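# Survey of secondary and tertiary structure
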Amino acid sequence: MGETFNQYAGSRLRRERLRCYLEERWTARYVLVGEAAGYRGARISGIPFTSERQLTGAGPAEATATIVHRVLAELGLEQEVLLWNVVPTHPHEPGRPSTNRRPTREEITASLPVLDSIARGRRQIAVGRLAEAVLAAPYVRHPSHGGANAFRAGLAAAVG
């Protein structure tokens, strides 16, 4: 998808993790949609909003993933929510894979058919402004950079 890194292309493990995750959450009522796969999250783990450390106890942790999963557990929503991104692959600065950048319009457009398929039949909740603009769905503040409390409050309100 554009100039993004496709973490699934060369990794049977990530593809299998994603397949299992989607099967487990296929009946989820809600889909939380973020911007794109992060370099410490889905780029390594293969699962949106999830770090390798959460899956295996080793590897990098990712603050947003930690907050998202903690809030889902607190609200009793872990099995009711499917986590996804507008762009499921990792946009990064050229030559700098340990960075995150905003996806381009072309990358977003290329990702829309996958997003539409994943989100179909679920109540969509946008995590962050880019997802809100793409989905025209209820907005929840992204939990990074001091937004954990606003994320929790927004998600609790969105699921009602």
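Structure's up top.
Rules used in this analysis
Residues numbered from 1 in each chain as written. Predicted model: local features only at pLDDT ≥ 70, side-chain atom pairs only at ≥ 80, totals over all residues. Heavy atoms only, no water. Core = buried A, V, L, I, M, F, W, Y, C linked by side-chain atoms within 4.5 Å. Buried < 20%, exposed > 50% of the residue type's maximum accessible area, 1.4 Å probe, protein only. Helix = DSSP H or I, 4+ residues; strand = E, 2+ residues; numbered from the N terminus. Contact = heavy atoms within 4.5 Å. Pairing = 2+ DSSP bridges. Axes fitted to C-alpha atoms, helices over the stretch in contact; angles between N-to-C directions. Phe/Tyr/Trp six-rings, centres within 6.5 Å; stacked < 30°, edge-to-face > 60°. Lys NZ or Arg CZ within 6 Å of the ring centre and 35° of its normal. Parallel < 35°, antiparallel > 145°, perpendicular 65-115°, else oblique. Left-handed = near helix turned anticlockwise from the far one by under 90°. Nonpolar A, V, L, I, M, F, W, Y, C, P; charged D, E, K, R; others polar.

## Considerations on the nonpolar core
By size, the foremost hydrophobic cluster in this structure holds 39 residues, and its most contacted members are Leu32, Leu83, Val86, Phe151 and Leu155. Looking at this core element by element, the count peaks at six residues for strand 2 (residues 81–87). The residues touching valine 86, leaving out its near neighbours within four places in the chain, are Val33, Gly34, Glu35, Ile108, Ser111, Leu115, Leu130, Ala131 and Val134.

## Thoughts on unusual backbone geometry
Unlike most non-glycine residues, alanine 136 shows phi in positive territory, near 55°. Here alanine 136 is to be found in the loop between helix 6 (129–135) and strand 4 (139–140). A positive phi angle is found at histidine 145, which is not glycine, with a value near 50°. Take histidine 145: it is sitting in the loop between strand 4 and helix 7 (148–159). Residue classification places histidine 145 among the exposed positions, given a relative accessible area of 78%.

## Topic: the sheet that holds strand 2
Pairing is parallel across the open sheet formed by four strands, whose spatial order is 2-1-3-4. At either margin of the open sheet sits one strand with a lone partner, and together these are strand 2 and strand 4. Across two bridges, the pairing between strand 3 (residues 123–127) and strand 4 is parallel. Looking at the pairing, valine 127 lines up with valine 140 of strand 4. In the packing of helix 5 (residues 105–119) onto the sheet, contacts are made with strand 1 (30–36), strand 2 and strand 3, and the angle to strand 2 comes to roughly 160°. Along the sheet, helix 7 contacts strand 1, strand 3 and strand 4; its crossing angle with strand 3, the most-contacted strand, is approximately 165°.

## What about the packing of aromatic side chains?
Taken as a whole and judged by the stated rule, the model has zero aromatic pairs. In this structure, arginine 43 packs its charged tip against the face of phenylalanine 5, placed 3.7 Å from the ring centre.

## Quick look at the packing of helix 4 (residues 63–74) against helix 7
Direction vectors running N to C along helix 4 and helix 7 enclose 40°, while the axes themselves pass 10 Å from each other. Overall, the two elements helix 4 and helix 7 adopt an arrangement that is oblique. In this structure, helix 4 crosses over helix 7, and the sense of that crossing is right-handed. Of the residues in helix 7, those in contact with Ile67, Val68, Arg70, Val71, Leu72 and Glu74 of helix 4 are Ala148, Phe151, Arg152 and Leu155. Residue composition of the contact of helix 4 with helix 7, by class: seven nonpolar, no polar and three charged.

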